[in-house]
Amino acid sequence: LQFHSENSEISGSDFLVFDFGSNILNLTGTLNVSGAINANELNIDVTNKNVINLDVSGSTKFGDTADDTHQYTGSLLVNGTIIRSRVSITSTPYAAGATNYFIGVRSDTIGAASIVNLPVANTLQNGQAFIIKDEGGSANTYNIKITASAADLIDGESEVFIESPYGAINLYTNGSNKFFIY
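To keep things clear, this report deals only with the structure shown in the data block. (Residues numbered from 1 in each chain as written. Predicted model: local features only at pLDDT ≥ 70, side-chain atom pairs only at ≥ 80, totals over all residues. Heavy atoms only, no water.)

**So, the overall build of the protein**
What counts here: Here a strand is any run of E in DSSP of at least two residues, a helix any run of H or I of at least four, and the numbering for each starts at the N terminus. Accessible surface is estimated by sampling points in the Shrake-Rupley manner with a 1.4 Å probe; for residues, cover comes only from the protein chains shown.
A count of helices and strands for the protein gives 1 helix and 16 strands. Summing over all exposed atoms, the protein offers an accessible surface of approximately 12,800 Å²; the carbon and sulfur share of this is 47%.

**Observations regarding unusual backbone geometry**
Omega for the peptide link from Thr 92 to Pro 93 comes to -5°, which places this bond in the cis form. Residues other than glycine seldom take positive phi values, yet Asp 155 does so here, at roughly 45°. Tracing the backbone shows Asp 155 in the loop between strand 13 (153-154) and strand 14 (159-162). Unusually for a residue other than glycine, Tyr 166 sits at a positive phi of about 60°.

**Examining the side chain of Asp 134**
Which entries qualify depends on this criterion: A simple rule labels every residue: compare its accessible area, found with a 1.4 Å probe on the protein chains alone, to the largest value its type can have, and call it buried under 20%, exposed over 50%, or partly exposed in between. Only four residue types enter the tally: Lys and Arg on the positive side, Asp and Glu on the negative side, with His and both chain ends excluded. Salt bridge criterion: a side-chain nitrogen from Lys or Arg within 4 Å of a carboxyl oxygen from Asp or Glu. Side-chain atoms alone can form a polar contact between residues adjacent in sequence; in general such a contact is a pair of N or O atoms within 3.5 Å, and within protein one must be able to donate a hydrogen while the other accepts it. Should any heavy atoms of two residues lie within 4.5 Å, those residues are counted as being in contact.
In this fold, Asp 134 is placed in strand 11 (residues 129-134). Buried and without a salt bridge, Asp 134 has Arg 106 as its closest oppositely charged side chain, separated by 6.5 Å. Of note is the side chain of Asp 134, whose polar atom sits 3.3 Å from the backbone nitrogen of Gly 136. One polar contact links the side chain of Asp 134 to the main-chain amide nitrogen of Gly 137, over a distance of 3.0 Å. Non-local contacts of Asp 134, meaning those with residues more than four positions away in its chain, are made with Val 105, Ala 139, Ile 144, Ile 162, Ser 164, Pro 165, Tyr 166 and Gly 167.

This is how it looks when you write it as structure tokens:
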């Protein structure tokens, strides 16, 4: 163990270092724990590891990029709130992204028909969904056109429209070449 501070320094192993200035304990190497790890917040960066059992409370963060995929077999129980990403569109055309879920279109603010271009289906996960909503209530005056990319289709069509005030369309993809309205 090695302690670092502005006033003194105690020598020891370079593999386990506590820095008083930042209040961080750094370990280089492997940590084997046969008991419990208790933490108020747990941030884990895992690379190529299979986790058999993970049971934590408090704040947790998995992954470090928006395209991280975490696959579970069995059931997922959430006691709390699931929050989906939402974007409010006030200019056209809009290129939907893989991290979008709710796409709120404000054609009343744009003052013209709006276009939402979907990502190429094979860049998305099988079952990934989008909800596109007329949040301004003017789709009857300023239609919202949703277009598929490349050779993708939306229920057999290259484009679909929202034409009713406050209308919405729910879509999911097969992750290959199609979107489906549900």
